[in-house]
Amino acid sequence: MSKSFDSAGLTFRQDYFDDRAAWAALVSLLDDTFGIDIGPLQQLGGPDPTSMPFGWFAADDALAANLSAFAMPLVVNDRQINAAAFQSGAVRPPWRGRGLYRDVTCKALEWCESRQFEAIVLYTDKPLLYEPYGFRSLPMHRYCGAAPKPHSAGKPARELDPWNKADLALLKEALKTRAPVSDVLAVSGNAAMFLVNTQLDPEVRLSWLDAEKAVIAWKAGEAGRFGLLDVVATEIPPLAVILGRLGEGPEQVDVFFSPDKLDWRGEALAFDSGTAFMVRSTTDLAPASPAMLSPMADF
């Protein structure tokens, strides 16, 4: 990890999100590299306030290499974990092979260690890149099964639009006070990621259950299927209530997190999204049963 690197012609910066030009450079880097536009995040409340970016900038203000860290508190096996996450890791082609990514990774690890995070998590399609730093892959599982009979009593849900000022305020308040969607594996705070993920996938629908004060993130699947991505509430309502409020009567349900709070059981199936979920921790941190983080917490 102490190998030399070539930073000729570049300037290192960290904690640069308050600089509009530097933020635009990160937006450009991620769009060019992954086809992901995080620009809307600024209009939805901005980056996570705990974020710490580490980047090498060229003379023309282009961002040559970057990796960002931020606090990502987790619940694992009913225990609160003081965790961090890595995201926005990329290097532009002209600067690859110079050791820049190794350098920003080491800087991010040092920052996390100085703040005594118990674990660091990340998603990547290149798990071998992170194994030398002590990261290991954890399998991800979704749950599938027959839908419960919808509980139709109560006020119907209404659609939420994050670009509506009142709906955005409601979403932010719900995210601020949310309970973990699962006691097996879940985030306990991820407002920025949840909001930006509503924009990255046009199929995601958000609905508000007024009586339960719950935000439901879901997808209408193929004929007869329903996909539940996340539930944001102080108390997670049963799946039958969720379906009833939404007016959905599917035959099959796919739940993309452990359903231990839904009063419903399904079969755990391996979930392959093309990326690995990796963790680096001081202890053997792993869910006691098959699980995955909600896609709305994807970073």
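Residues numbered from 1 in each chain as written. Predicted model: local features only at pLDDT ≥ 70, side-chain atom pairs only at ≥ 80, totals over all residues. Heavy atoms only, no water.

Per an unreviewed UniProt entry, the protein chain carries the name GCN5-related N-acetyltransferase protein and comes from Rhizobium gallicum.

## Looking at the sheet that holds strand 17 (residues 276-281)
The sheet built from seven strands is open, its strands ordered 1-2-3-6-7-17-8 with mixed pairing. Of all strands in the sheet, those bounded by a partner on one side alone are strand 1 (10-14) and strand 8 (136-138). Adjacent strand axes in the sheet meet at a mean angle of 25°, parallel and antiparallel pairs treated alike. Bridging between strand 6 (residues 83-91) and strand 7 (residues 119-124) involves three bridges; their strand directions are parallel. In the strand pairing of strand 7, Ala83 is matched with Ala119. Contacts from helix 2 (residues 100-114) reach strand 1, strand 2 (52-58), strand 3 (63-71), strand 6, strand 7 and strand 17 within the one sheet, and its direction differs from that of strand 3 by about 20°. (Pairing = 2+ DSSP bridges. Helix = DSSP H or I, 4+ residues; strand = E, 2+ residues; numbered from the N terminus. Axes fitted to C-alpha atoms, helices over the stretch in contact; angles between N-to-C directions. Contact = heavy atoms within 4.5 Å.)

## A few points about the domain arrangement of the protein chain
For the protein chain, the domain assignment lists domain 1 (11-137 + 275-280) and domain 2 (142-270). Each partner contributes residues to the interface: domain 1 has 21 residues there, and domain 2 has 20 residues. For the domain 1 and domain 2 pair, buried surface summed over both sides reaches about 1600 Å², with 68% attributable to carbon and sulfur atoms. The largest contributions to the domain 1 side of the interface with domain 2 come from Leu41, Leu44 and Val75, which together make up 37% of the buried area. Linking domain 1 with domain 2 are zero salt bridges, by the criterion used here. The interface formed by domain 1 and domain 2 holds six residue pairs in polar contact (both at pLDDT 80 or more) in total. When residues in the side of domain 1 that touches domain 2 are grouped by element, the largest group, three residues, is from strand 4 (residues 74-76). Its residues placed into classes, the side of domain 1 that touches domain 2 shows 12 nonpolar, six polar and three charged. (Domains from an automatic or database assignment. Buried area = accessible area lost by both parts, 1.4 Å probe. Salt bridge = Lys/Arg side-chain N within 4 Å of Asp/Glu carboxyl O. Polar contact = N/O pair within 3.5 Å; in protein donor to acceptor, adjacent residues only side chain to side chain. Nonpolar A, V, L, I, M, F, W, Y, C, P; charged D, E, K, R; others polar.)

## Describing the packing of helix 4 (residues 165-176) against helix 5 (residues 191-200)
Contact geometry of helix 4 with helix 5 gives a least axis separation of 10 Å together with a crossing angle of 140°. As judged from the angle between their axes, helix 4 and helix 5 are oblique. Crossing geometry of helix 4 relative to helix 5 is assigned as right-handed. Residues Leu168, Leu171, Lys172 and Leu175 of helix 4 lie in contact with helix 5, whose contacting residues are Ala191, Phe194 and Leu195. (Parallel < 35°, antiparallel > 145°, perpendicular 65-115°, else oblique. Left-handed = near helix turned anticlockwise from the far one by under 90°.)

## Focus on helix 4
Because the α-helix completes a turn every 3.6 residues, residues three or four places apart line up on one side. For helix 4, with 12 residues, the first-to-last C-alpha span of 17 Å sits near the 16 Å given by 1.5 Å per residue. If you check which residues of helix 4 are buried, you get Asp167, Leu168, Leu170, Leu171, Ala174 and Leu175. Within helix 4, the buried residues cover an arc of 160° as seen down the axis, which keeps them to one side. Among the exposed residues of helix 4, those oriented more than 90 degrees off its buried face are Lys165, Ala166 and Lys176. Looking at the buried side of helix 4, the elements it contacts are strand 10 (158-159), helix 5, strand 12 (205-209), strand 13 (214-220) and strand 14 (225-232). The distance from a side-chain oxygen at the start of helix 4 to the backbone nitrogen of Ala166 is 3.0 Å, and the residue carrying that oxygen is Asn164. (Expected span 1.5 Å × (residues − 1). Buried < 20%, exposed > 50% of the residue type's maximum accessible area, 1.4 Å probe, protein only. Arc of directions from axis to C-beta.)

## Regarding the packing of aromatic side chains
A full pass over the atoms with the stated rule returns 13 aromatic pairs. Taking 5.9 Å as the distance between ring centres and 80° as the angle between the ring planes, the aromatic pair formed by Tyr130 and Phe135 counts as edge-to-face. An identical accessibility class is assigned to Tyr130 and Phe135; each is buried. Considering the side-chain rings of Phe256 and Phe271, the 5.6 Å spacing of their centres and the 75° angle between planes classify their relative orientation as edge-to-face. Remark: Phe271 occurs in the loop between strand 16 (267-270) and strand 17 and Phe256 occurs in the loop between strand 15 (252-255) and strand 16; sequence separation between them is 15 residues. (Phe/Tyr/Trp six-rings, centres within 6.5 Å; stacked < 30°, edge-to-face > 60°.)

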